[in-house]
Amino acid sequence: MISILNRRSAKLKTTASTSASLSLFGAIILFSNICAAQDDAQLSNLVFVPVLRSSAADSNISLSGRGSSDDRALLNSVNEYLTAIEPLRQANSSEPELIEQLAYLGVAYQGLDRHAEAIEAFEEAIALTVVNGGPDNLQQIPLQEQKIPSYLALDDIRSVDDTEEFIYSLKQRHYNPASREMYVAAINLADWNTTAYFRENYGAGNQALRRQRAVINRAPRAIGGGANAIFNGDIKNVFDQDINDARLRKIDRLYKDYQDAISDTGNAELEILVDIAKRIARLAFVTKQEMDFERDNYTFDPNYEGSREQATRNSPRRMDESYESGAEALKYIINILSSVEGLRPEALAAAHLDLGDWHLSYGKAQAAKLAYRDAYQALVNAGFSTENIDRALATDMPPRIPVFATHLHTRTSRGMNANAELDFEGYVDLSYTIDDLGNAAKVQFIESSSENSSRIERLIEVQLRSTKFRPVLTAGELNSPGTIEARYYYAY
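Residues numbered from 1 in each chain as written. Predicted model: local features only at pLDDT ≥ 70, side-chain atom pairs only at ≥ 80, totals over all residues. Heavy atoms only, no water.

**Q** Can you walk me through the overall build of the protein chain in this structure?
**A** Along the protein chain, the regular secondary structure elements total 18 helices and eight strands. Within the protein chain, the proportion of its 492 residues that are buried is 47%. If you take every contact in the protein chain between residues at least 6 apart in sequence, the share linking residues at least 24 apart comes to 77%. As displayed, the protein chain offers around 23,600 Å² of accessible surface, 48% of which is attributable to carbon and sulfur atoms. (Helix = DSSP H or I, 4+ residues; strand = E, 2+ residues; numbered from the N terminus. Buried < 20%, exposed > 50% of the residue type's maximum accessible area, 1.4 Å probe, protein only. Contact = heavy atoms within 4.5 Å. Areas by Shrake-Rupley, 256 points an atom, 1.4 Å probe, with all protein chains shown as cover.)

**Q** Quick question: what am I supposed to make of helix 4 (residues 115-133) here?
**A** Working note: α-helix, 3.6 residues per turn, so residues spaced by three or four point in the same direction. Here helix 4 spans 27 Å end to end across 19 residues, near enough to the 27 Å set by a 1.5 Å rise per residue. Those residues of helix 4 that fall on the buried side of the exposure criterion are His115, Ala118, Ile119, Ala121, Phe122, Ala125, Ile126, Leu128 and Thr129. Packed against the buried residues of helix 4 are helix 3 (96-111) and helix 5 (141-153). In the segment just after helix 4, Gly134 is the residue with positive phi, at about 90 degrees. (Expected span 1.5 Å × (residues − 1).)

**Q** It is not clear to me how the packing of helix 4 against helix 5 should be interpreted in this structure. Could you clarify?
**A** Two measures define how a pair of helices packs: the angle their axes make with one another and the distance between the axes. Following both chains from N to C, one finds helix 4 and helix 5 inclined at 160 degrees, their axes separated by 9 Å at the closest point. Judged by the inter-axis angle, helix 4 sits roughly antiparallel to helix 5. Crossing of helix 4 over helix 5 shows left-handed handedness. Seen from helix 4, the contacting residues are His115, Ala118, Ile119, Phe122, Glu123, Ala125, Ile126 and Thr129; seen from helix 5, they are Leu143, Gln144, Gln146, Lys147, Ser150, Tyr151 and Ala153. (Axes fitted to C-alpha atoms, helices over the stretch in contact; angles between N-to-C directions. Parallel < 35°, antiparallel > 145°, perpendicular 65-115°, else oblique. Left-handed = near helix turned anticlockwise from the far one by under 90°.)

**Q** Quick question: what am I supposed to make of the packing of aromatic side chains here?
**A** All chains considered together, the criterion is met by 16 aromatic pairs. Where Phe48 meets Tyr488, the ring centres are 5.7 Å apart and the plane angle is 70 degrees; that geometry is what we call edge-to-face. With Phe48 in strand 1 (residues 47-52) and Tyr488 in strand 8 (residues 482-491), the pair connects residues that are 440 residues apart, well separated along the chain. This pair shows no difference in class: Phe48 is buried, exactly as Tyr488 is. Taking 5.3 Å as the distance between ring centres and 55 degrees as the angle between the ring planes, the aromatic pair formed by Tyr323 and Tyr362 counts as tilted. Here Tyr323, found in helix 14 (residues 316-338), pairs with Tyr362, found in the loop between helix 15 (345-361) and helix 16 (365-381); they are 39 residues apart in sequence, far enough to count as distant. Here the two residues Tyr323 and Tyr362 agree in accessibility, since each one is buried. Each residue in the set Phe285, Tyr323, Trp358, Tyr362 and Phe404 is aromatic and connected to the rest through ring pairs, giving one cluster. (Phe/Tyr/Trp six-rings, centres within 6.5 Å; stacked < 30°, edge-to-face > 60°.)

**Q** Any chance you could explain the pattern of salt bridges here in plain terms?
**A** Two side chains with opposite charge may pair up if their charged atoms get near one another. Scanning the model with the defined rule gives 30 salt bridges in all. The residue Glu447 makes a salt bridge to Arg53 at a minimum N-O spacing of 3.3 Å. One end of the pair, Glu447, is in strand 4 (residues 440-448); the other, Arg53, is in the loop between strand 1 and helix 2 (68-90), with 394 residues separating them in the sequence. A residue is classified by how much of its surface remains accessible, and Glu447, at 39% relative accessible area, is partly exposed. One salt bridge in this structure joins Asp357 and Arg470, with 2.5 Å as the shortest N-O distance. Taken as a pair, Asp357 in helix 15 and Arg470 in the loop between strand 5 (468-469) and strand 6 (472-474) lie far apart in primary sequence, 113 residues in all. Linked by salt bridges that have partners in common, Arg53, Asp429, Glu447, Glu485 and Arg487 make up one network. (Salt bridge = Lys/Arg side-chain N within 4 Å of Asp/Glu carboxyl O.)

**Q** Where do I start with the environment of Gly383 in this structure?
**A** Positionally, Gly383 belongs in the loop between helix 16 and helix 17 (386-393). Sequence spacing of Gly383 and Pro345 is 38 residues, and the spatial spacing of their C-alpha atoms is 9.6 Å.

**Q** I would appreciate a short explanation of the nonpolar core in the present structure.
**A** One broad trend across soluble globular proteins is that nonpolar side chains are buried collectively. Judged by nonpolar contacts, the single largest core of 51 residues is most densely connected at Tyr168, Tyr258, Leu330, Ile333, Leu337 and Trp358. Mapped by element, the contributors of at least two residues to this core are helix 7 (180-201), helix 11 (246-265), helix 12 (270-296), helix 14 and helix 15. Tallying contributions element by element places helix 12 first for this core, with 13 residues. Discounting residues that sit within four places of it in the chain, Leu337 has contacts with Leu270, Val274, Leu343, Ala347, Leu348 and Ala351. (Core = buried A, V, L, I, M, F, W, Y, C linked by side-chain atoms within 4.5 Å.)

**Q** Help me understand helix 12 in this model?
**A** Look at helix 12: 39 Å from first C-alpha to last across 27 residues, which is about the 39 Å you get at 1.5 Å a residue. The element helix 12 is extensively covered by neighbouring structure, given that 22 of its 27 residues are classed as buried.

**Q** Would you explain the environment of Ser450 in this entry?
**A** Locating Ser450 in the fold gives a position in the loop between strand 4 and helix 18 (454-466). Overall, Ser450 belongs to the partly exposed group, its relative accessible area being 27%. Of the polar contacts made by the side chain of Ser450, one reaches the backbone nitrogen of Asn452; its length is 3.1 Å. (Polar contact = N/O pair within 3.5 Å; in protein donor to acceptor, adjacent residues only side chain to side chain.)

**Q** For this particular structure, what's the right way to read the pairing of strand 4?
**A** Moving residue by residue along a regular strand, the side chains alternate between the two faces of the sheet. In this sheet, strand 4 lies alongside strand 3 (residues 426-434) in antiparallel orientation, the contact comprising six bridges. Residue pairing across strands places Val428 opposite Ser448, the latter belonging to strand 4. Between the antiparallel neighbours strand 3 and strand 4 lie five residues, among them Gly438 with a positive phi of about 85 degrees. (Pairing = 2+ DSSP bridges.)

**Q** How should I be thinking about the sheet that holds strand 8 in this particular structure?
**A** Note on sheets: strands pair through backbone hydrogen bonds, and any given pair is parallel or antiparallel. Taken in spatial order, the four strands make up an open sheet running 1-8-3-4, and their pairing is antiparallel. Strand pairing shows two members of the sheet lacking a second neighbour, strand 1 and strand 4, which therefore form its edges. The average undirected angle you get between the axes of adjacent strands in this sheet is 30 degrees. Relative to strand 8, strand 1 runs antiparallel, the two sharing six bridges. Within strand 8, the residue paired with Leu52 across the bridge is Ala486. In the packing of helix 18 onto the sheet, contacts are made with strand 1, strand 3, strand 4 and strand 8, and the angle to strand 3 comes to roughly 30 degrees.

Structure follows, in structure tokens:
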């Protein structure tokens, strides 16, 4: 299912990257809805932020939520915006000032968790942009985007789908298919579908993925060829839509459409080529995540058990296709970076590190060692000393790999900025060992901030079963970091 970069793109002319366009309203701080109990709906939004236990006191992470003084300030802001808005409304104005005041009012309502009112304010502002510029005006896009956090807070996934699709279609009407604007539109829509995919499939209450739950009762369900069909993946009459989630297929089409567009023009920016290739690998990795999840969260379903879909979804062939697809995309990145004159050696070394992580995450130890050595050699060739290389590659905590993947229970899987502020509910302290191939074992829980943390602990333990970490790299060789004592802060 996963598309691979068109080979024609290897010949595309690369140009210097341009700076990202600024949002109409700049950076707007949104407040998270604070939850009180650990029910499944809340844990569906679970985010873990692990830090070394020894440095937890210096991590600047606290368990305090939004205070009453914050609410008072927001209420004062709401009153100020309403005071400014009312005379403009009475004058039947559609001036930019009214649109701006309504936008700020909507953000203030979001801060107070008054999301229905926030959406109304944004909709009123959007209607005014239509009066001024017609239904296809681009001025409405930041306002459309700002509705999305409120839809999410209300668990209105369909409205987010409609909004994201509408924004994409607006840009299609205004921009060339191979333009940077359409690249941004494509990755934004892909990122939303990634967020929705994780939300719909990996909620804490879900014991089965959507494609598992969607399998209908067939009689008979027995697979021709029996066990051999499972092991060799030779399953007939199973369609892509029976195996791969609709959102993943949508993401794949978005990347393919943009690849086709830039291939037709014969011109693309290096930054975009590298990003799309890495995104293709990230999409391929979802297959492994699904197979790991089915193994680690087994649940009996008479419709799914013994079905053609189960056999295909868990076949070695499907895992091999996932691995090969991502490996080819990452090798493509190395090839095009190697052809760029004056490229910083750190960029090429990082690409080799990504490939090493990819191999190791699929258990390809020898291939991983070779890729890590290539990363090390790229820095040696650039004149870095071995001591400085080891120091640069050292991390406080071994990172989960692949680093660029969307991992479960992270800000990224929730569609948040990597540095977004969270209101933490508590923490769990634990220890585990990591061997020289990145496997976690010997998980032991030490203490927690709450007496009722069993659900959280179980989710951490299940996650660690299939998580791979990057070992310590010393002189290009893999070494075990030994025992890690970590504090997992959590928010939901």
